[in-house]
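Residue-level listing of the chains:
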Amino acid sequence: MSEVKLAAETRTEFGKGAARRIRRDSKVPVVLYGHGSDPLHLTLPGHDLLLALRTPNVLISLDIDGKTSELAIPKAVQRDPLKGFLEHVDLLLVKRGEKVTVEIPVHTEGELAPGGNLLEHVLNALPVEAEATHIPESVTVSVEGLEAGASVLAKDITLPKGTTLAVEEDAVVLQVLAAQAEETEGEEAAEGEEVAEA
């Protein structure tokens, strides 16, 4: 698991106007909370934070005002819906050795059985509990040869050492759906005529 060091500055201005000024300076308003401490309002360099957040559940080492150092993981990320830039990020304070519950992406490998079947991701991310400094980036599941009606349950997924499920063992993660038979063009045209007559 990667650890990214970022320089953080304590924030004293709040509200929409202050947040706009922070973003104009290519920084992002951030709130750090956890362990029963008061939330800490910070600013982080926008581009560096954006790059760090490309890794799911990235461990961020914060150097706050050059005085204190804290570890955190992203908890909530708000992006501009049109331009995609970061508007605000919530970080959760963690300690080395502490267990945290996070969701890790589920990737698949292999080919389904022939027949045009479809693979449905019931869970795109798998809830797991892991040590804060050893959160797996993802899990990979083989779907090689699975036929329609087959499913992969949470308990069927091999997790890295030190990681445990934080979801019911029988939760369906992936399932294979039978290919839908396509209607012929003639049937569709006939349906269209019936609608027109009605």
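Rules behind the numbers
- Residues numbered from 1 in each chain as written.
- Predicted model: local features only at pLDDT ≥ 70, side-chain atom pairs only at ≥ 80, totals over all residues.
- Heavy atoms only, no water.
- Helix = DSSP H or I, 4+ residues; strand = E, 2+ residues; numbered from the N terminus.
- Buried < 20%, exposed > 50% of the residue type's maximum accessible area, 1.4 Å probe, protein only.
- Contact = heavy atoms within 4.5 Å.
- Areas by Shrake-Rupley, 256 points an atom, 1.4 Å probe, with all protein chains shown as cover.
- Pairing = 2+ DSSP bridges.
- Axes fitted to C-alpha atoms, helices over the stretch in contact; angles between N-to-C directions.
- Core = buried A, V, L, I, M, F, W, Y, C linked by side-chain atoms within 4.5 Å.
- Arc of directions from axis to C-beta.
- Salt bridge = Lys/Arg side-chain N within 4 Å of Asp/Glu carboxyl O.

Caption draft 1: Highlighting the overall build of the protein chain. When helices and strands are tallied, the protein chain shows 3 helices and 13 strands. The 198 residues of the protein chain split such that 33% are buried. Relative to all contacts within the protein chain whose residues are 6 or more apart in sequence, the contacts with residues 24 or more apart total 63%. Surface summary for the protein chain: the accessible area is close to 12,000 Å², and the carbon and sulfur share equals 49%.

Caption draft 2: A look at unusual backbone geometry. Phi at Asp65 is positive, roughly 55°, even though this residue is not glycine. Along the chain, Asp65 falls in the loop between strand 4 (59-64) and strand 5 (68-79). Residue classification places Asp65 among the partly exposed positions, given a relative accessible area of 37%.

Caption draft 3: Representation of the sheet that holds strand 12 (residues 164-165) within the structure. Spatial ordering of the open sheet is given by 10-7-9-12, a layout of 4 strands whose pairing is mixed. Because the sheet does not close on itself, it has two edges, and the strands there are strand 10 (139-142) and strand 12. Note: strand 9 (residues 125-131) against strand 12, 2 bridges, orientation antiparallel. Across the sheet, the residue bridging to Glu129 is Thr164, located in strand 12.

Caption draft 4: Region of interest: the side chain of Thr163. Inspection of the secondary structure puts Thr163 in the loop between strand 11 (151-153) and strand 12. Judged by its relative accessible area of 9%, Thr163 is buried. Setting aside its immediate chain neighbours within four residues, Thr163 contacts Val128, Glu129, Ala130 and Pro136.

Caption draft 5: Region of the structure containing the sheet that holds strand 4. Strand order around the closed barrel formed by 6 strands is 1-3-2-6-5-4, with mixed pairing between neighbours. Put simply, the sheet's adjacent strands are angled 45° from each other on average, direction ignored.

Caption draft 6: Quick peek at the nonpolar core. By size, the foremost hydrophobic cluster in this structure holds 23 residues, and its most contacted members are Ile73 and Leu126. The element best represented in this core is strand 7 (residues 99-109), accounting for 4 residues. When neighbours within four sequence positions are excluded, Leu126 is seen to be in contact with Val102, Glu103, Ile104, Val106, Val139, Ala154, Ile157, Leu159, Leu165, Val167 and Val173. Among the nonpolar cores identified, the runner-up in size contains 19 residues, and Ala8, Ile64, Leu86 and Leu91 belong to it.

Caption draft 7: How the structure looks around the pairing of strand 7. The sheet contact formed by strand 7 and strand 9 spans 7 bridges and is antiparallel. Residue Pro105 lies in a different strand from strand 9, and its bridge partner there is Ala125.

Caption draft 8: Structural context of the pairing of strand 2 (residues 27-34). In terms of burial, strand 2 is a largely internal element, 6 of the 8 residues being buried. The turn joining strand 2 and strand 3 (residues 37-45), which pair antiparallel and follow one another in sequence, is formed by 2 residues; a positive phi near 55° is taken by His35. Where strand 2 and strand 6 (residues 86-94) come together, 4 bridges link them in parallel fashion. Within strand 6, the residue paired with Tyr33 across the bridge is Leu92.

Caption draft 9: Just helix 1 (residues 16-24), in detail. Every buried residue belonging to helix 1 is among Ala18, Ala19 and Ile22, and all of these are buried. The arc that holds the buried residues of helix 1, viewed along the axis, is 100°, so those residues lie on one side. Turned more than 90 degrees from where helix 1 packs its buried face, Lys16 and Arg24 sit exposed. Note on helix 1: the residue one or two positions beyond its end, Ser26, has a positive phi of about 60°.

Caption draft 10: Inspection of the pattern of salt bridges at higher detail. The final tally for this structure, using the stated rule, is 2 salt bridges. Between Lys27 and Glu9 there is a salt bridge, with the nearest N and O atoms lying 3.2 Å from each other. Here Glu9 lies in strand 1 (residues 3-10) and Lys27 lies in strand 2, a separation of 18 residues in the sequence. Taking relative accessible area as the criterion, Lys27 reaches 28% and is therefore assigned partly exposed. Note that Lys155 and Asp170 form a salt bridge whose closest N and O atoms lie 3.2 Å from each other. Placement of Lys155 in the loop between strand 11 and strand 12 and of Asp170 in the loop between strand 12 and strand 13 (172-177) is noted, with a sequence separation of 15 residues between them. Given a relative accessible area of 52%, Asp170 falls into the exposed group.

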